[in-house]
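Listed here are the chains, written in short residue letters.
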Amino acid sequence: MFEQEREHLVFHLCREGYIKTDVVKQAFLTVPRDIFVPESLWNYSYVDTPLDIGHGQTISAPHMVAIMCEALDIQKGQHILEIGTGSGYHAAIVAQLVGQTGKVYTIERFDVLATQAKQNLATMHCPNVIVEVGDGSCGLPAYQPYDRIYVTCAAPSIPEPLIHQLGDPGKLLIPLGDMYCELTLLRKENHRQTRQHLGGCVFVPLVGKYGH
Ligand code: SAM
């Protein structure tokens with residue numbers, strides 16, 4: 001179902017320069033976004049836009065997922081932490097990138113969204129994704145350190161626990177701001193940190209101890 005639509009979307013993401021590498025392209029071709037979209041919105045699954053998943057939250061636009069995957073340069077076998085599971089779609093894409101030897105840990109503050117995401121990920125056969133419920137602004141210390149951490153909601157500043165839980169070397173990607181925010185990449189290497197702004201974006205807020 002929707003295979004042609006999926007191919008058209010991937011063609012658009014490549015043509016616009018959001019998808020740059022073959023590994024990210026293959027991940028987008030493999031993961032059906034319709035599995036992660038509520039049934040009432042199925043016809044919009046392959047439109048490059050965020051969609052409502054309930055509780056005032058959204059599944060991110062495909063181009064934003066692509067930008068974040070490319071910026072993080074995710075490798076096979078890595079351990080990744082995602083803050084803000086939402087529908088589980090972004091985690092499913094990242095699960096393709098880390099492969100069977102890697103792991104994706106994702107944390108969501110809404111129990112009901114986490115439950116739905118687990119079902120979506122089971123439908124997609126993603127055994128290497130672990131979904132937890134809690135305040136992801138404090139990270140997920142149980143499985144640290146992480147090779148990559150990314151946040152799918154807007155934070156006022158980079159939460160300190162996330163910097164601590166990031167491995168060395170490691171990369172952390174986070175939208176900083178209110179709702180209109182700046183996608184920011186923090187690199188950790190040899191105990192040093194550098195920050196780079198990657199452009200403007202719009203995200204729902206990170207709500208929690210280190211959030212809004
Ligand atoms: N990556 C998701 C996807 O592919 O569907 C989209 C995520 S949505 C844009 C942002 C998510 O972050 C929402 O589901 C929201 O409930 C969650 N969130 C906000 N604050 C959070 C927090 N402190 N801890 C965990 N999740 C949080």
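First things first, this report covers the structure right here in the doc. Every value quoted in this text rests on a predicted model; they were computed, and no experiment measured them.

### Describing the site of the ligand
Thinking step 1. Of all residues adjacent to the ligand, which total 27 residues, the nearest are Ser87, Glu108, Asp135, Gly136 and Val207.
Thinking step 2. His90 is positioned with one of its backbone polar atoms (N or O) 3.0 Å from an oxygen atom of the ligand.
Thinking step 3. Arg109 is positioned with one of its backbone polar atoms (N or O) 3.2 Å from a nitrogen atom of the ligand.
Thinking step 4. Here the ligand has 600 Å² of accessible area as a free molecule, and 100% of this is covered by the chains.
Thinking step 5. The cavity where the ligand resides is the largest pocket.
Thinking step 6. For the shell around the ligand, the secondary-structure elements that each account for two or more residues are strand E2 (57-59), helix H4 (89-98) and strand E4 (103-108).

### Some points on the nonpolar core
Thinking step 1. Formed by 49 residues in total, the largest nonpolar core has its most connected members in Phe28, Phe36, Tyr89, Ile93, Val94, Val129 and Leu173.
Thinking step 2. Counting residues per element, the ones that place at least two in this core are helix H1 (3-15), helix H2 (22-30), strand E1 (51-54), helix H3 (62-72), H4, helix H5 (111-123), strand E5 (129-133) and strand E8 (180-189).
Thinking step 3. Top contributing element to this core by residue count: H4, with 8 residues.
Thinking step 4. Apart from residues lying up to four places away in sequence, Val129 is in contact with Ala91, Ala95, Val104, Thr106 and Leu121.
Thinking step 5. One finds Ile83, Tyr105, Ala155 and Leu176 within the second-largest nonpolar core, a separate group that totals 19 residues.

### With respect to the pattern of salt bridges
Thinking step 1. For the structure on display, the rule yields 1 salt bridge.
Thinking step 2. Between Glu16 and Arg15 there is a salt bridge, and its shortest N-O distance comes to 3.5 Å.
Thinking step 3. The class for Glu16 is partly exposed, based on a relative accessible area of 44%.

### Here's the deal with the packing of aromatic side chains
Thinking step 1. A full pass over the atoms with the stated rule returns 5 aromatic pairs.
Thinking step 2. Ring geometry for Phe36 against Tyr89: centres 5.7 Å apart, planes inclined by 65°, an arrangement best described as edge-to-face. Taken as a pair, Phe36 in the loop between H2 and E1 and Tyr89 in helix H4 lie far apart in primary sequence, 53 residues in all. The pair formed by Phe36 and Tyr89 is uniform in burial state, with each residue classed as buried.
Thinking step 3. When the ring of Tyr105 is compared with that of Tyr143, the centres are 4.2 Å apart and the planes differ by 15°; the resulting orientation is stacked. Of the two residues, Tyr105 is situated in strand E4 and Tyr143 in the loop between E5 and strand E6 (146-151); the sequence distance between them amounts to 38 residues.

### Details of the layout of surface pockets
Thinking step 1. For the largest pocket, the calculated volume is near 560 Å³.
Thinking step 2. Around the largest pocket sit 36 residues that line it, and Thr58, Ser60, Thr152, Phe203 and Val204 are the ones nearest its centre.
Thinking step 3. If you list the elements that add at least two residues to the lining of the largest pocket, you get E2, H3, strand E3 (79-83), H4 and E4.
Thinking step 4. Considered class by class, the residues forming the lining of the largest pocket number 18 nonpolar, 14 polar and 4 charged.
Thinking step 5. The calculated volume of the second largest pocket comes to roughly 160 Å³.
Thinking step 6. Lining the second largest pocket are Ile35, Phe36, Val37, Pro38, Ile53, His55, Gly86, Ser87, Val112, Leu113, Gln116 and Asn120.
Thinking step 7. In terms of residue count, H5 provides more of the lining of the second largest pocket than any other element does, 4 residues in total.

### Some points on unusual backbone geometry
Thinking step 1. Cis rather than trans, the peptide bond between Gln144 and Pro145 has omega equal to 0°.
Thinking step 2. Position of Pro145 among the secondary structure elements: in the loop between E5 and E6.
Thinking step 3. That bond from Asp168 to Pro169 is cis: its omega, 5°, falls within 30 degrees of zero.
Thinking step 4. In the Ramachandran plot, His55 falls in the positive-phi region, its phi being about 60° despite a non-glycine side chain.
Thinking step 5. Inspection of the secondary structure assignment puts His55 in the loop between E1 and E2.
Thinking step 6. On the basis of relative accessibility, which here comes to 45%, the residue His55 falls in the partly exposed class.

Here is what the cut-offs are and how they apply
- Residues numbered from 1 in each chain as written.
- Predicted model: local features only at pLDDT ≥ 70, side-chain atom pairs only at ≥ 80, totals over all residues.
- Heavy atoms only, no water.
- Near = heavy atom within 4 Å.
- Polar contact = N/O pair within 3.5 Å; in protein donor to acceptor, adjacent residues only side chain to side chain.
- Areas by Shrake-Rupley, 256 points an atom, 1.4 Å probe, with all protein chains shown as cover.
- 1 Å grid on protein atoms, 1.4 Å probe; cavity = no way out; pocket = protein on both sides within 12 Å on 5 of 7 lines; lining within 4 Å.
- Sits in = over half its atoms within 2 Å of the grid points.
- Helix = DSSP H or I, 4+ residues; strand = E, 2+ residues; numbered from the N terminus.
- Core = buried A, V, L, I, M, F, W, Y, C linked by side-chain atoms within 4.5 Å.
- Buried < 20%, exposed > 50% of the residue type's maximum accessible area, 1.4 Å probe, protein only.
- Contact = heavy atoms within 4.5 Å.
- Salt bridge = Lys/Arg side-chain N within 4 Å of Asp/Glu carboxyl O.
- Phe/Tyr/Trp six-rings, centres within 6.5 Å; stacked < 30°, edge-to-face > 60°.
- Points joined across faces, edges and corners; volume = space filled by probe spheres on them.
- Nonpolar A, V, L, I, M, F, W, Y, C, P; charged D, E, K, R; others polar.

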